[in-house]
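# Summary of structural features
One letter stands for each residue in the lines below.
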Amino acid sequence: MGHMNHSVSGWDTIGAILLLGWAVAMWGAVAVLAIANRRKVRPWVFQGAAGVIGIGLVGQIGHVQEHIAQAAYWIDHSNAKPWMTPWGTSLAKGYGQIDTSKPSLGMEILHLTGNFIFLAGLAGVVLITARTRQTRARKWGKMGVWMQGIHGLEHVVLTLSVWLGANRAIGLSTWFGALPNGPGLWTYRIWWHTVANLIGSFIFAMAVYHLWQERATVRAAYQLARAEAVDSPKEPVRVPVTLPVADPAGVV
């Protein structure tokens, strides 16, 4: 959604690379935390998951404001081509260098990246509550992962369809490419993604709210396990003892 000129600056490229690195680093952290959480309790998993959640929250604030800005612009320009913020346009131009013959590819990659940063933050909620499964934070987190997982899959399909040569993106938000390019398609897609992001953001906010309310319970699950590991009785060390042996004359 949005149209761009073809001049690409070094800052456009740097920004695109940094944003992609942000997403890759978050999913690398999610993978490490998920593996670590499957074994014995490690208190650092709590801090690591909390960091992923915080960074994901910051990323989603930036992501959802882009959609809100597009929807606000649409209100006064309902028949105009979708608009993007200057920073969104810059990042999209950076990604668009992958294939300059497909003008909308950069925008699709930008939104795909933003959605996976969002999904990583929600995954952090599920990871941090893995040992407190009855908490409200976990329920909201799982709800968010399912919804955002479907939304992320939508962006994968949209991006791949453009990358593979479709004349317009194919997905739920474009009626699988059946809507002709024009105000009808632009309106439907703008509001489809705006509403999806607002709902997803609300779910994320509720998960973080309940996590804050239940933070003592969640943290205690990691601290208690560490205390038990430290205080657990250890097997006594056996020291070999040599006893004196009496000689035949009865002298020791």
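The structure under discussion appears in the preceding block.
Note that the coordinates shown come from a computational prediction; the quantities given were computed from them, not determined experimentally. (Residues numbered from 1 in each chain as written. Predicted model: local features only at pLDDT ≥ 70, side-chain atom pairs only at ≥ 80, totals over all residues. Heavy atoms only, no water.)

Contact geometry for helix H3 (residues 86-96) and helix H4 (residues 105-128): axes closest at 7 Å, N-to-C directions at 110°. As the angle between them shows, H3 and H4 are arranged roughly perpendicular. In this structure, the crossing between H3 and H4 has a hand that is right-handed. Contact residues: H3 offers Gly88, Leu91, Ala92, Tyr95 and Gly96, while H4 offers Gly106, Met107, Ile109, Leu110 and Thr113. (Axes fitted to C-alpha atoms, helices over the stretch in contact; angles between N-to-C directions. Helix = DSSP H or I, 4+ residues; strand = E, 2+ residues; numbered from the N terminus. Parallel < 35°, antiparallel > 145°, perpendicular 65-115°, else oblique. Left-handed = near helix turned anticlockwise from the far one by under 90°. Contact = heavy atoms within 4.5 Å.)

Okay, the packing of helix H1 (residues 10-37) against helix H2 (residues 43-76) next. Where H1 contacts H2, the two axes come as close as 10 Å, and the packing angle between them is 150°. Judged by the angle between their axes, H1 and H2 are roughly antiparallel. Relative to H2, H1 is oriented so that their crossing is left-handed. Contacts between H1 and H2 pair Trp22, Met26, Ala29, Val30, Val32, Leu33, Ala36 and Asn37 from the former with Trp44, Val45, Gly48, Ala49, Val52, Ile55, Gly56, Val58 and Gly59 from the latter. A class-by-class count of the residues in the contact of H1 with H2 yields 13 nonpolar, 4 polar and no charged. (Nonpolar A, V, L, I, M, F, W, Y, C, P; charged D, E, K, R; others polar.)

Bringing a nonpolar patch on the surface into the picture now. On the surface, a nonpolar cluster with roughly 350 Å² of combined accessible area is contributed by Ile75, Trp191, Val195 and Ile199. No other element matches helix H6 (residues 183-213), which puts 3 residues into the nonpolar patch. Structurally, Ile75 can be placed in helix H2. (Patch = residues over 30% accessible without salt bridge, like charges linked within 9 Å, V, L, I, M, F, W, Y side chains within 5 Å. Areas by Shrake-Rupley, 256 points an atom, 1.4 Å probe, with all protein chains shown as cover. Salt bridge = Lys/Arg side-chain N within 4 Å of Asp/Glu carboxyl O.)

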